Amino acid sequence: MKKQKRDWLNNQGPRMSKKVRKNTISYKNVNQMPRVTELKELKLYVDQKYETVILPIYGIAVPFHISTIKNISQSVEGDYTYLRINFFHPGSTMGKNEGNYAQPEATFVKEITYRSTNTKEPGEISPPSSNLSTAFRLIKEVQRKFKTREAEEKEKEDLVKQDTLVLSQNKGNPKLKDLYIRPNIVTKRMTGSLEAHTNGFRYTSVRGDKVDILYNNIKNAFFQPCDGEMIILLHFHLKHAIMFGKKKHVDVQFYTEVGEITTDLGKHQHMHDRDDLAAEQSERELRHKLKTAFKSFCEKVESMTKQEIEFDTPFRELGFPGAPFRSTVLLQPTSGCLVNLTEWPPFVITLEDVELVHFERVQFHLKNFDMVFVFKDYHRKTAMVNAIPMNMLDHVKEWLNSCDIRYSEGVQSLNWVKIMKTITDDPEGFFDSGGWTFLDPESDEEAAQEEESEDEDEVYRPSDLEDEGSEWSEEDSEYSEGDTEDDDDESGEEELGTDEESGKDWSDLEREAAEEDRERVYQGDEVDRRGKSSGKFPSKDHHKSNSSKDKNRSSSKHGSSHKSSSSKHSSSNSSSKHSSSRDKDKHNSSRDKNSNKNKDRHSSSSSSKHKSSSHSNSSSSKTKSPSKDKDRKSSHSSGSSSNKKRSRDESSDRHSSKKSKK
């Protein structure tokens, strides 16, 4: 902050005091007043030499300088002509010049109205009202000349006197011909030649007009080639304005056109015509020729001035679109400036004069944003570039970082006139209160946002870990002997909720169900192998309980209470039929084969019933939520695995019956 304050004090130059209205005197003494008959006849008289209007007031000729007259009006009503003259006085204007009077306590005349008859008396050459008409015309004429001269003097007020150009008689001076100048010297555009002399450039038009630009008055010199442009130019940004064409100018440009800027659409042209190809070839040659000529001119000037004048070329690849004035143009950075030289008026910002860049209207739902340049001289008006595309924001920030320029951003458009006035009124108080920190985003809001994001991170738990934990807990509960149907239903509902929360795809769920089925089949095979190796075969009741457990497990795993009830029902049916077949084996050992057949038939019927029940349940659940479809797929897979186990159990029963027969 102290550094900013010190820089500000260094950049504040002497300020101009408040201007006072120029006190013009018509006549220094009475002898200078004209001796004409109109004064003796008490008529209105306009002295063009001294720019004074002499008005008769109470029989006395009173002179008023033209600068005291605000405006005049003339009207004709009936037989009379009225001439009304309004004067400047305190309160007449509410603008900037209000109150700037040398003697504000004096008595002022506000307005005077004269009336004259339109009727001509006998013997008179003209009616008396002709004097008012003549005075009205002459006052307007003198007033226009006076305002023009005042404007020219005002333009020249802050002009810095330039040194005299020292002409070099050497014939080898660097020179470019057939150049146009911007701004124009006169209304009509004319060509001329630019020649480098000992201490400056001189541009001479074909009409003979001369414009001198001294080397010590050039702040920045630019050379922009014709790559991607229709003109090739040399541009000079001056330290102090120079006067030509009755106006002062800080930017002077010399350019020439490359090819045709306008195209005649009335011509029926084809791209493959020989004339068109020849024209394109000639345009390429012209571009190369002009580029070579301008480059050699710049190199000669740099060597002649011993690098006092260095021409800077814009970096087109770093450019970005923006609207510094009315139209959108391509703004191109140079080594020390941001410029647009193709369109007129030109836009030149010297980066060493910039203290801060502020981005306005930076919001995601907007397509454009604005860029404001705040200069180190706080009395200088801020420069603004509008309508920069939002996708160029990072590009502009990178460029500013490379130039070591501080920037800030906000969502609102600020009133920079009031802001700069507040700063210039009390600069020390501005820096003591924090300076430009008010443009930065509020740190409290950022801290609150960070806290909210941390809370969200703490609440969040990965869904994969939840699923794994629920799977392990359910597998433990499945193999415990004290499980009940209600517990299975509750665990199925919880598993359904976790599956829905995890947001897995159907393909993932189907793959998980298939893996679980394969694991169960593998475990069943291991049990069979252990039974065979020990010489003990599992009983029918054990197989029945296993099949019922498989069904209950599948229903609990996929969380469908409706499916679990149907699977329990089918398992109870199959168990009752198996029990009846076991009783037959006990009472009639001679009918083992028939009983085996009956068992096969019963098992097939039970499996078919199981399948039909599962299919009916699946058809009824088609109208349910997608989670039901997920359960249906898992129930099918579990049903198929239980069928495989049952067929394996029946084959082992047949094997045991054969051994007993033997």
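Residues numbered from 1 in each chain as written. Predicted model: local features only at pLDDT ≥ 70, side-chain atom pairs only at ≥ 80, totals over all residues. Heavy atoms only, no water.

Student: Provide a residue-level description of the overall build of the protein chain, including the pertinent values.
Tutor: Helix and strand content of the protein chain: 15 helices and 22 strands. Counting all 662 residues of the protein chain, 38% fall into the buried class. Restricting the contact set of the protein chain to residue pairs at least 6 apart, pairs at least 24 apart contribute 57%. When the accessible area of the protein chain is evaluated, it comes to approximately 40,700 Å², of which 50% is carbon and sulfur surface. (Helix = DSSP H or I, 4+ residues; strand = E, 2+ residues; numbered from the N terminus. Buried < 20%, exposed > 50% of the residue type's maximum accessible area, 1.4 Å probe, protein only. Contact = heavy atoms within 4.5 Å. Areas by Shrake-Rupley, 256 points an atom, 1.4 Å probe, with all protein chains shown as cover.)

Student: Before we move on, could you go through the confidence of the model for the protein chain and cite the residues and values that matter?
Tutor: The share of residues in the protein chain with pLDDT of 70 or more is 63%, and the mean pLDDT across the chain is 75. For the stretch residues 13–20, pLDDT sits under 50, and the model shows eight contacts to residues farther than four places along the chain or on other chains. This model gives residues 534–641 a pLDDT under 50, and the stretch forms 119 contacts once residues within four places in sequence are excluded. (pLDDT = per-residue confidence, 0-100.)

Student: Would you mind going over the sheet that holds strand E3 (residues 60–65) in detail, with residue names and values included?
Tutor: One open sheet holds the three strands; their spatial order is E1-E2-E3, and the pairing between them is antiparallel. Of all strands in the sheet, those bounded by a partner on one side alone are strand E1 (45–47) and E3. Put simply, the sheet's adjacent strands are angled 30° from each other on average, direction ignored. Here E1 runs beside strand E2 (residues 52–57); their pairing, made up of three bridges, is antiparallel. Directly across from Asp47, in E2, lies its bridge partner Thr52. (Pairing = 2+ DSSP bridges. Axes fitted to C-alpha atoms, helices over the stretch in contact; angles between N-to-C directions.)

Student: Before we move on, can you summarise the nonpolar core with the specific residues and values?
Tutor: In globular proteins that are soluble, nonpolar side chains generally tend to be buried together. Ranked by internal contacts, the top residues of the largest apolar core, which has 31 residues, are Phe201, Ile213, Ile218, Leu234, Phe236, Phe254 and Phe311. Only strand E7 (175–182), strand E8 (191–196), strand E9 (200–205), strand E10 (210–214), strand E11 (218–224), strand E12 (231–244), strand E13 (247–257) and helix H4 (274–304) provide two or more residues apiece to this core. Sort the elements by how many residues they give to this core and E12 lands first, with six residues. In this structure Phe254 touches Leu179, Tyr180, Ile181, Leu194, Tyr203, Ile213, Ile232, Leu233, Leu234 and Phe236, once residues within four positions along its chain are discounted. Counting 25 residues, the second largest nonpolar core, distinct from the first, contains Phe347, Val362, Val385 and Met390. (Core = buried A, V, L, I, M, F, W, Y, C linked by side-chain atoms within 4.5 Å.)

Student: With reference to specific residues and values, describe the packing of aromatic side chains.
Tutor: Overall, the coordinates contain 20 aromatic pairs when judged by the stated rule. Here Phe64 and Phe87 contribute two aromatic rings whose centre-to-centre distance is 4.9 Å and whose plane-to-plane angle is 40°, an arrangement assigned as tilted. Taken together, the residues span a long stretch of sequence, with Phe64 in strand E3 and Phe87 in strand E5 (residues 80–87) at a distance of 23 residues. On the accessibility criterion, Phe87 (3% relative accessible area) is buried. Joined through ring pairs, the aromatic side chains of Phe201, Tyr203, Tyr215, Phe236, Phe254, Phe297 and Phe311 make up one cluster. Over the ring of Tyr255 we find Arg182; its NZ or CZ atom is 4.7 Å from the centre of that ring. The residue whose ring lies beneath Arg380 is Phe375, and the NZ or CZ to ring-centre distance is 3.7 Å. (Phe/Tyr/Trp six-rings, centres within 6.5 Å; stacked < 30°, edge-to-face > 60°. Lys NZ or Arg CZ within 6 Å of the ring centre and 35° of its normal.)

Student: Tell me about the side chain of Gln143, and please be specific about residues and values.
Tutor: Assignment of secondary structure puts Gln143 in helix H3 (residues 129–157). Gln143 gets classed as buried once you look at its relative accessible area, which sits at 6%. In this structure the side chain of Gln143 is engaged in a polar contact, spanning 3.2 Å, whose partner is the backbone oxygen of Ile69. Ignoring sequence-local partners within four residues, the contact set of Gln143 consists of Ile66, Ile69, Lys70 and Asn71. (Polar contact = N/O pair within 3.5 Å; in protein donor to acceptor, adjacent residues only side chain to side chain.)

Student: Mind laying out the sheet that holds E5, listing which residues take part and the relevant values?
Tutor: Read from one edge to the other, the open sheet built from three strands follows the order E4-E5-E6, with strand pairing classed as antiparallel. The two strands at the open ends of the sheet, each matched to only one other strand, are strand E4 (69–77) and strand E6 (111–117). Across the sheet, the mean angle separating the axes of adjacent strands is 15° when strand polarity is ignored. When E5 meets E6, the two strands line up antiparallel, connected through seven bridges. Residue pairing across strands places Asn86 opposite Glu111, the latter belonging to E6.

Student: Give a description of helix H5 (residues 393–402) that names residues and reports values.
Tutor: Among all positions in H5, only Leu393, Val396, Lys397, Trp399 and Leu400 are buried. In an axial view of H5, the angular spread of the buried residues amounts to 160°, which keeps them on one side of the axis. Residues Asp394, Glu398 and Ser402 are exposed on H5 and point more than 90 degrees away from its buried face. One or two steps after H5, the chain reaches Asp404, where phi turns positive at roughly 60°. (Arc of directions from axis to C-beta.)

Student: I'd like to hear about the environment of Asn118, residue by residue, with values.
Tutor: Turning to its location among the elements, Asn118 is positioned in the loop between E6 and H3. Accessibility expressed as a relative area gives 27% for Asn118, which makes it partly exposed. Taking C-alpha positions, Asn118 is 5.4 Å from Ser129, a pair spaced 11 residues apart along the chain. When near neighbours in sequence (up to four residues on either side) are disregarded, Asn118 contacts Val76, Gly78, Asp79, Tyr80, Thr81, Pro127 and Ser129. Within the structure, the side chain of Asn118 is placed 2.6 Å from the side chain of Thr81, a separation counted as a polar contact.

Student: Summarise the side chain of Gln224; cite the residues concerned and give the values.
Tutor: When you line up the elements, Gln224 lands in strand E11. A polar contact is formed between the side chain of Gln224 and the side chain of Thr342, at a distance of 3.0 Å. Among all residues touching Gln224, those that are not within four sequence positions of it are Glu229, Ile232, Leu233, Pro314, Gln332, Leu341 and Thr342.

Student: Run through the pattern of salt bridges, naming residues and quoting values.
Tutor: Considering all chains together, one arrives at 17 salt bridges under this definition. A salt bridge links Arg316 to Glu229; the shortest N-O distance between them is 2.8 Å. Of the two residues, Arg316 sits in the loop between strand E14 (311–312) and strand E15 (320–322) while Glu229 sits in the loop between E11 and E12, which places them 87 residues apart along the sequence. When the shortest N-O distance is used, the salt bridge between Asp353 and Arg380 registers 3.8 Å. Here Asp353, found in the loop between strand E18 (347–350) and strand E19 (354–360), pairs with Arg380, found in the loop between strand E20 (368–375) and strand E21 (383–389); they are 27 residues apart in sequence, far enough to count as distant. Residues joined in a network through salt bridges with shared partners are Glu51, Arg149 and Glu153. (Salt bridge = Lys/Arg side-chain N within 4 Å of Asp/Glu carboxyl O.)

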